[in-house]
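Below, each chain spelled out in residue letters.
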Amino acid sequence: MGWSPFKAIKPTMGETDEKETAPAATTNDTSKPETPQPTSDGPEVEAKETEKLLGAQDEPEVVVPEPKRSPVVEKPQTKASSENVANGEEIINMPEESVAGAGEKGKKDGETADATKADKPNKVQAEEREVKPKKVPAGAFKLPGFFNKNKDKPKEADGADNELLEKNGGENGGEAKDKAAEEGAAGKVGEEKPKRTGGFFANLKLRNPFAKKTPTAADANGDGAATADKAGEEEEEKDEVTAEATDKPTGTDQQAGGEPGEEKKPTEEEPEVQAPKRGLLEALRVPLASIIPKRFKPVASGDPEDDIELGKTPKNRAGLASMETLDDSLKDADTKDTVDKVGGVNGTDAEALVKPEDKEAKDKAAEAEEDAQERSLLQRVQAYRCSVDDIAIIAGVVIFLILVALIIAFTFVGKSEPITAPVRDGKYIETVTNCGRVEGILEDGSFAFRGIPYAVPPVGPNRWRAAQPIESIEHCWNGTLKAHNSTPVCWQIYADGKVDGAEDCLTLDVITPHVRYDNPLPVVVLVGAESFTGDSPGKLRPSTRYARARDVIFVRPNFRLNVFGFLALEQLTKSTHPPTSGNYGLTDLIVALKWIQLNIPHFGGDPKSVTLFGHRAGGTIVTALASSNKTSKLFARTWISSGASIFPGKPLADSEKENALYMSKIRCEESNCLMEKEDEEILDAVPDVWRRTFPDLPAADENATTRHEWLVLDGNIMQQHPADVWSADVSNNVRYVIGSTTHEAHNTKLHLKYTEWTPELVTRHVNESVVGALGLTEEALRRYNATYQGLVAMVSDIRTICPLLTITQKLQSSQFYVVSQTGGELGIADVDSDVQAILGRYEPKTPEQRRYVSAIQQLFYHYVSHGEIKHELRKKLLDIGQDALPTYNTDNCLFWIKNDVVPRYARLD
């Protein structure tokens, strides 16, 4: 019999299953509703056929005989055969080039097939299955790839119509079907297997022979044929849509149950279904599904979520390595899904087709899923065991979140508005103190609070008593204190003999650039006085402009001077407890420092960064405070400019005896008499030898031991000599910066002694002093020139600079400097050159002077802000001219020290 590609009829397992009439299969598994009902006309096939097929799947083969698939498989001769076609026959999708002439040849083949079937109704005919050897292509081994195609699987449909197998069958389902067909053909003895030629049917799709339709109630009642026919047509339409979307077939299909050769016209009868287009997200999910393994729940057949391409099959099957194995993968998936879902094949339960290991694994997975659903989230979290990778991932996420939080905090907190006090009417601002609210005023870019009381007024019974902080409400004020104007200074005698001041004078001024509580600023406390008798604050007046420019807060307290502040008398010692007298001005400053520690945060200051800045007699007072044990933790550092180096070394009783002269001048014998005296009377009684003296070369008859000392060892504030305190200082931190200027001794009295200072006058003036008496005039004039500038430099070294140098040599935590930059009409570095430049009142007129101002300001404000001198200058003897350099020459000081001039004749304030 000649072979034609349109004549061969493919008897599949689905066909034999539909035709078998053995009742034993039905009676053995009555609990499986999926078992198909037999028809009256179907041929009988042995029950062991399926077991052979399963066994064939497990045996790897390289060359497999594959049946020749016919594009049309139909038996339209009888009604029974039509029903069987609908239930178990394959609908073939043909390419366009195979459609021409299919009608006539298909009809002829159908007649031949029916005739053969009528002769041998219960055997699989060998001439109907032509097999050729199948070679597994080189790339047929399945690897993860992106060549799976989407496939819809309706829940209730004919498995034979729903499942498609491609011509190049997979490694499992396709080979199993081919082996089943080979065994069926081998049962026909004497039949010759036709050879398959060419790749004409390379793109043909065949139904899965193992898929079986789930029987319905109509099938059990005898209406199964009609229902199966209808279901087959529905599944047929869905199968055609899947085939069109997957392989793009032509519009000609063979209709199951129709006449052979009949064409289906989708343009007229049914609309052509286009393949769904995947979007960008779907395209990205494909490679991610193969890279990142993910477990999916198995879905029912026909669920749109059951997408082979995205790895959502029950086994999460990977893709294929090449296009050559695409059809095999689809065949494998369809065959396995069909076996899992169908109740049985050839009268056998589906459980018989599933391996015991797979069934046990599925049962365990189902139980685990049920347990996971029943358990609460907390229980599942507690039962979870973290691996090293999990811990590393969690740690990385936590660190990342912390970094993000820190970045956000620094970004937004750093840019947040500072917490500042509101400004009223553009110039008034309020803040609080321990005694009530105070109002300041805007001046030159900074806010000034002037005249704020910090201690109990030293009047009446508090005269010649230690200062007392304000702790009672009776010494405070009601409402808001208008701190706009300065208050009177304490009583003092100026250099020209003028007397001014008030006894109720314990107030202070605060100059601050900001009134805020964030980013506190360093505080500089100005202690200025030309002498202990008066002229305070002298040049140390706070600068509103430099408070803003340098971001510092200036505080200038008033303190008692002269006899109101430093009178030590036996009568006063006996009237107080514990018995003591003198150093009242030091107690004023201690109370002021305590007020600063308590209230300066409300003015925007940092209480831990307080610098005492003293000038002239104020520098001497600062040195005394720094050596007192009553001032610990009240300030951090000191800057002393042109202070004295002579400090009291006498016991309190000796000082009281020396001061008995004052009691005779004021005509009092008891302390009560002193308390009743008026302020002016008290000042007028000050002896002339106690008043301020102007520096000059030591006179030949000068007795250093008879000079009046204002500071005393009272046993309270000053318990020992400062030199003894300095010798015990072992701190490595710089807490003292001590210095002066080259011409510190310049004063109007000395300059006006002669109209013009000639070399002769200079030489004569030196010869009349102690220098001349010691025979050192020639050597002194060689070192210092015979000019007024040289004379003033000599006086400065003997009285101030060299004695201060001796102090710094005892202090381990000190820094020494001398300003040598000259200016003014006389071309000298006067006593105010350093403080004027620091506070911004120095008027530079040359580039050298501008550099000097910059150098000393950088040195001072760096020390104030950071608490240290720059490393390259630390603990060096600095010569501050145009720049601060560690080049100060100590030869002159060593000369005076060697000849016992220094510190014997050092200045005493």
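All of the points below concern the structure found in this document. This is a predicted model, so every value here is computed, not measured. (Residues numbered from 1 in each chain as written. Predicted model: local features only at pLDDT ≥ 70, side-chain atom pairs only at ≥ 80, totals over all residues. Heavy atoms only, no water.)

Some remarks on the overall build of the chain
Moving on, step 1. Along the chain, the regular secondary structure elements total 31 helices and 22 strands.
Moving on, step 2. Taken across its 909 residues, the chain has 51% of its residues classed as buried.
Moving on, step 3. Contacts in the chain between residues at least 24 apart in sequence constitute 77% of all its contacts with a sequence separation of at least 6.
Moving on, step 4. About 42900 Å² of surface is accessible on the chain, with carbon and sulfur atoms providing 52% of the total. (Helix = DSSP H or I, 4+ residues; strand = E, 2+ residues; numbered from the N terminus. Buried < 20%, exposed > 50% of the residue type's maximum accessible area, 1.4 Å probe, protein only. Contact = heavy atoms within 4.5 Å. Areas by Shrake-Rupley, 256 points an atom, 1.4 Å probe, with all protein chains shown as cover.)

Examining the environment of Ala 745
Moving on, step 1. Relative to the elements of secondary structure, Ala 745 occurs in the loop between strand 19 (736-741) and helix 24 (748-751).
Moving on, step 2. The class of Ala 745 is buried, set by a relative accessible area of 0%.
Moving on, step 3. Those residues within four positions of Ala 745 in sequence are excluded, and the remaining contacts are Pro 695, Leu 750, Val 792, Val 795 and Ser 796.

Quick word on the nonpolar core
Moving on, step 1. Ranked by internal contacts, the top residues of the largest apolar core, which has 115 residues, are Phe 449, Val 563, Tyr 662 and Trp 896.
Moving on, step 2. When residues of this core are assigned to domains, at least three fall in each of domain 1 (428-690) and domain 2 (734-899).
Moving on, step 3. Ignoring any residue separated from it by four or fewer positions in sequence, one finds Phe 449 in contact with Ile 429, Thr 431, Val 438, Glu 439, Gly 440, Ala 483, Leu 508, Asp 509, Val 510, Thr 512, Val 515 and Phe 603.
Moving on, step 4. Tyr 842, Phe 860, Tyr 861 and Leu 878 belong to the second-largest nonpolar core, a separate cluster that totals 32 residues. (Core = buried A, V, L, I, M, F, W, Y, C linked by side-chain atoms within 4.5 Å. Domains from an automatic or database assignment.)

With respect to the pattern of salt bridges
Moving on, step 1. In the structure shown here, the tally under the stated rule is 26 salt bridges.
Moving on, step 2. Its salt-bridge partner being Glu 430, residue Arg 437 comes within 3.1 Å of it at the nearest N-O pair.
Moving on, step 3. Residue Arg 437 is classed as partly exposed on the basis of its relative accessible area of 37%.
Moving on, step 4. Note that Asp 688 and Arg 691 form a salt bridge whose closest N and O atoms lie 3.3 Å from each other.
Moving on, step 5. Among the residues examined, Arg 691 registers a relative accessible area of 27% and is labelled partly exposed.
Moving on, step 6. Salt bridges here are not isolated pairs; linked through shared partners, they connect Glu 530, Asp 535, Arg 616, Arg 692, Glu 744 and Arg 907. (Salt bridge = Lys/Arg side-chain N within 4 Å of Asp/Glu carboxyl O.)

Remarks on helix 28 (residues 788-810)
Moving on, step 1. The terminal C-alpha atoms of helix 28, which comprises 23 residues, lie 32 Å apart, in line with the 33 Å expected from a rise of 1.5 Å per residue.
Moving on, step 2. At Asp 797, helix 28 shows its strongest bend, of approximately 55 degrees.
Moving on, step 3. For helix 28, the tally of buried residues reaches 20 of 23 residues, placing the bulk of the element in the interior. (Expected span 1.5 Å × (residues − 1). Bend = angle between axes of the 7 residues up to and from the residue.)

Some remarks on unusual backbone geometry
Moving on, step 1. In this structure, the amide linkage connecting Ser 536 to the following residue, Pro 537, adopts the cis form with an omega of 10 degrees.
Moving on, step 2. Along the chain, Pro 537 turns up in the loop between strand 15 (521-529) and helix 14 (544-550).
Moving on, step 3. One non-glycine residue with positive phi stands out, namely Trp 464, at about 55 degrees.
Moving on, step 4. Under the relative-accessibility criterion, Trp 464 is labelled buried at 1%.
Moving on, step 5. In the Ramachandran plot, Asp 535 falls in the positive-phi region, its phi being about 60 degrees despite a non-glycine side chain.
Moving on, step 6. Of note, Asp 535 is situated in the loop between strand 15 and helix 14.

Comments concerning the pairing of strand 19
Moving on, step 1. Among the 6 residues that make up strand 19, 6 are buried, leaving the element largely enclosed by the rest of the structure.
Moving on, step 2. Here strand 19 shows two buried faces, one formed by Tyr 736, Ile 738 and Ser 740 and the other by Val 737, Gly 739 and Thr 741.
Moving on, step 3. Pairing of strand 18 (residues 637-641) with strand 19, which is carried by 4 bridges, proceeds in the parallel orientation. Bridge assignment links Trp 639 to a residue of strand 19, and that residue is Val 737.
Moving on, step 4. Relative to strand 20 (residues 814-819), strand 19 runs parallel, the two sharing 6 bridges. Each bridged residue has a counterpart across the sheet, and for Val 737 the counterpart in strand 20 is Gln 815. (Pairing = 2+ DSSP bridges.)

Comments concerning the packing of aromatic side chains
Moving on, step 1. Enumeration over the complete set of coordinates arrives at 18 aromatic pairs.
Moving on, step 2. Judged by centre distance (5.7 Å) and plane angle (75 degrees), the ring pair of Trp 690 and Trp 710 falls under edge-to-face. A residue pair is termed long-range when its members are at least 10 positions apart, and Trp 690 in the loop between helix 22 (679-684) and helix 23 (722-727) and Trp 710 in the loop between helix 22 and helix 23 qualify at 20 residues. Like Trp 690, the residue Trp 710 is buried in the burial classification.
Moving on, step 3. Between Phe 816 and Tyr 888, the aromatic rings sit 5.9 Å apart at their centres with planes inclined by 65 degrees, giving edge-to-face as the arrangement. Placement of the pair is Phe 816 in strand 20 and Tyr 888 in the loop between strand 22 (884-885) and helix 31 (891-898), with a sequence separation of 72 residues. (Phe/Tyr/Trp six-rings, centres within 6.5 Å; stacked < 30°, edge-to-face > 60°.)

Description of the side chain of Ser 645
Moving on, step 1. Considering the arrangement of structural elements, one finds Ser 645 in the loop between strand 18 and helix 19 (652-658).
Moving on, step 2. Since its relative accessible area comes to 13%, Ser 645 is described here as buried.
Moving on, step 3. Leaving out residues up to four positions away in the same chain, Ser 645 has contacts with Pro 803, Leu 804, Ile 807, Ala 906 and Arg 907.

Points about the packing of helix 25 (residues 759-767) against helix 28
For any two helices packed against each other, the geometry comes down to the angle between their axes and how far apart the axes lie.
Moving on, step 1. Relative orientation of the contacting elements helix 25 and helix 28 amounts to 20 degrees, with a least axis distance of 9 Å. As the angle between them shows, helix 25 and helix 28 are arranged roughly parallel. Side by side, helix 25 and helix 28 meet where Val 762, His 765 and Val 766 of the first sit next to Tyr 788, Leu 791 and Met 794 of the second.
Moving on, step 2. For the contact of helix 25 with helix 28, a count of residues per class yields 5 nonpolar, 1 polar and no charged. (Axes fitted to C-alpha atoms, helices over the stretch in contact; angles between N-to-C directions. Parallel < 35°, antiparallel > 145°, perpendicular 65-115°, else oblique. Nonpolar A, V, L, I, M, F, W, Y, C, P; charged D, E, K, R; others polar.)

A closer look at a nonpolar patch on the surface
Moving on, step 1. Taken together, the side chains of Ile 394, Val 398, Ile 399, Ile 402, Leu 403, Leu 406 and Phe 410 make up a nonpolar region of the molecular surface, amounting to roughly 690 Å² of accessible area.
Moving on, step 2. Overall, the relative accessible area of 47% leaves Leu 403 in the partly exposed class. (Patch = residues over 30% accessible without salt bridge, like charges linked within 9 Å, V, L, I, M, F, W, Y side chains within 5 Å.)

Section: the pairing of strand 18
Moving on, step 1. The buried fraction of strand 18 amounts to 5 of the 5 residues, a majority that puts the element mostly inside the structure.
Moving on, step 2. Side chains of strand 18 alternate between two faces, with Arg 637, Trp 639 and Ser 641 and Thr 638 and Ile 640 buried alike.
Moving on, step 3. Both strand 17 (residues 605-616) and strand 18 contribute to a ladder of 5 bridges, which runs parallel. Within the sheet, the bridge partner assigned to Leu 612 lies in strand 18 and is Thr 638.
Moving on, step 4. At this point the chain moves from strand 17, through helix 18 (residues 617-626), to the parallel strand 18, and the crossover so formed is right-handed. (Right-handed = clockwise from strand over helix to strand, strands pointing away.)

Observations concerning the environment of Thr 763
Moving on, step 1. Tracing the backbone shows Thr 763 in helix 25.
Moving on, step 2. Thr 763 gets classed as partly exposed once you look at its relative accessible area, which sits at 26%.
Moving on, step 3. Excluding residues that lie within four positions of it along the chain, Thr 763 makes contacts with Thr 777, Leu 781 and Ala 786.

A few points about a positive patch on the surface
Moving on, step 1. A surface patch of positive charge is lined by Lys 539, Arg 541, Arg 545 and Arg 841.
Moving on, step 2. Inspection of the secondary structure puts Arg 541 in the loop between strand 15 and helix 14.
Moving on, step 3. Here Arg 541 falls in the partly exposed class, since its relative accessible area comes to 46%. (Lys, Arg positive; Asp, Glu negative; His and termini not counted. Charge placed at Lys NZ, Arg CZ, Asp CG, Glu CD.)

Details of helix 31
Moving on, step 1. Every buried residue of helix 31 is accounted for by Cys 893, Phe 895 and Trp 896. Buried residues along helix 31 cover an arc of 155 degrees about the axis, so they all sit on one side.
Moving on, step 2. Just beyond helix 31, the residue with positive phi is Asp 900, at close to 60 degrees. (Arc of directions from axis to C-beta.)

Regarding the packing of helix 28 against helix 31
Moving on, step 1. Viewed as axis vectors pointing N to C, helix 28 and helix 31 meet at an angle of 90 degrees, and their least axial separation amounts to 10 Å. It follows that helix 28 is roughly perpendicular to helix 31 by the angle criterion. Contacts from Met 794, Asp 797, Ile 798, Cys 802, Leu 805 and Thr 806 of helix 28 reach helix 31 at Asn 892, Cys 893, Trp 896 and Ile 897.
Moving on, step 2. Broken down by class, the residue content of the contact of helix 28 with helix 31 amounts to 7 nonpolar, 2 polar and 1 charged.

Considerations on the side chain of Ser 642
Moving on, step 1. For Ser 642, the location among the structural elements is in the loop between strand 18 and helix 19.
Moving on, step 2. Here Ser 740 takes part through its side chain, which lies 3.0 Å from a polar atom of the side chain of Ser 642. (Polar contact = N/O pair within 3.5 Å; in protein donor to acceptor, adjacent residues only side chain to side chain.)

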